[in-house]
Amino acid sequence: MRDQRTSRDESSRRAPWRGTLTGLGVDLRRWPSRRWWVALATALFTVVFIAIPTDLIDTPLFSREIPPTVWSWPVLILSAVLTGLVTATYVAHPEGAPPSRAAGRVGMAGWLVTFFAVGCPVCNKLVLLALGTTGAMQYFEPVQPYLAAASIVLLGWALYARMTRENSCQLPARADAEAEALDRVH
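First, a word on scope: everything that follows refers to the structure included in this document. (Residues numbered from 1 in each chain as written. Predicted model: local features only at pLDDT ≥ 70, side-chain atom pairs only at ≥ 80, totals over all residues. Heavy atoms only, no water.)

## Focus on a nonpolar patch on the surface
Phase 1: Taken together, the side chains of Trp-37, Leu-40 and Leu-44 define a hydrophobic patch exposed on the protein surface, amounting to about 370 Å² of accessible area.
Phase 2: Residue position: Leu-44 is located in helix H3 (residues 33-51). (Patch = residues over 30% accessible without salt bridge, like charges linked within 9 Å, V, L, I, M, F, W, Y side chains within 5 Å. Areas by Shrake-Rupley, 256 points an atom, 1.4 Å probe, with all protein chains shown as cover. Salt bridge = Lys/Arg side-chain N within 4 Å of Asp/Glu carboxyl O. Helix = DSSP H or I, 4+ residues; strand = E, 2+ residues; numbered from the N terminus.)

Quick look at the structure:
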């Protein structure tokens, strides 16, 4: 019983992240440089991968019928930073951190929603097929700011989920069974 209490105390000292920004800052400062390089590379890749087809970065390959909104670049950069941080949580995570498939799916959904949020409403073939040009301007364009907010919320939640689970420690099933048996005896 004493050993379990000691291991709990050690894990609470090891895990400063408690859902606060201060705890997040402490955890981010403890990241190894490899994680920061992955976060930076992923963020840059995200900016380029989304900005070129949505014609935020002007290239001869893509054109845009409607100029980008004022919030397109800030949303793209914030989404790219969050995507980089979420991706970096998959690199060299501590032992005992439970894998989180749901957080990964939410992060990928946020990344995809960013693409639709900053893109040209009438240049997106999927939107044009579904709504037509008039429908894209009338129905899809007013929804884009909400998509931008949703992408940031999804990516923020994915980061929160990954960071909080990273410092949690699962006890093996056998140790739980032994602890219950000891509690019954005492």
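Back to the text.
## A few points about the packing of H3 against helix H4 (residues 72-88)
Phase 1: Two numbers describe how H3 lies on H4: the axes approach to 7 Å, and their chain directions differ by 140°. The angle between H3 and H4 places the two elements in the oblique class. As H3 runs across H4, the sense of the crossing is right-handed. The segment H3 lies against H4, with Arg-35, Trp-36, Val-38, Ala-39, Thr-42, Ala-43, Thr-46, Val-47, Ile-50 and Ala-51 engaging Trp-73, Leu-76, Ala-80, Val-81, Thr-83, Gly-84, Leu-85, Thr-87 and Ala-88.
Phase 2: When the residues that make up the contact of H3 with H4 are grouped by side-chain class, the tally is 13 nonpolar, five polar and one charged. (Axes fitted to C-alpha atoms, helices over the stretch in contact; angles between N-to-C directions. Parallel < 35°, antiparallel > 145°, perpendicular 65-115°, else oblique. Left-handed = near helix turned anticlockwise from the far one by under 90°. Contact = heavy atoms within 4.5 Å. Nonpolar A, V, L, I, M, F, W, Y, C, P; charged D, E, K, R; others polar.)

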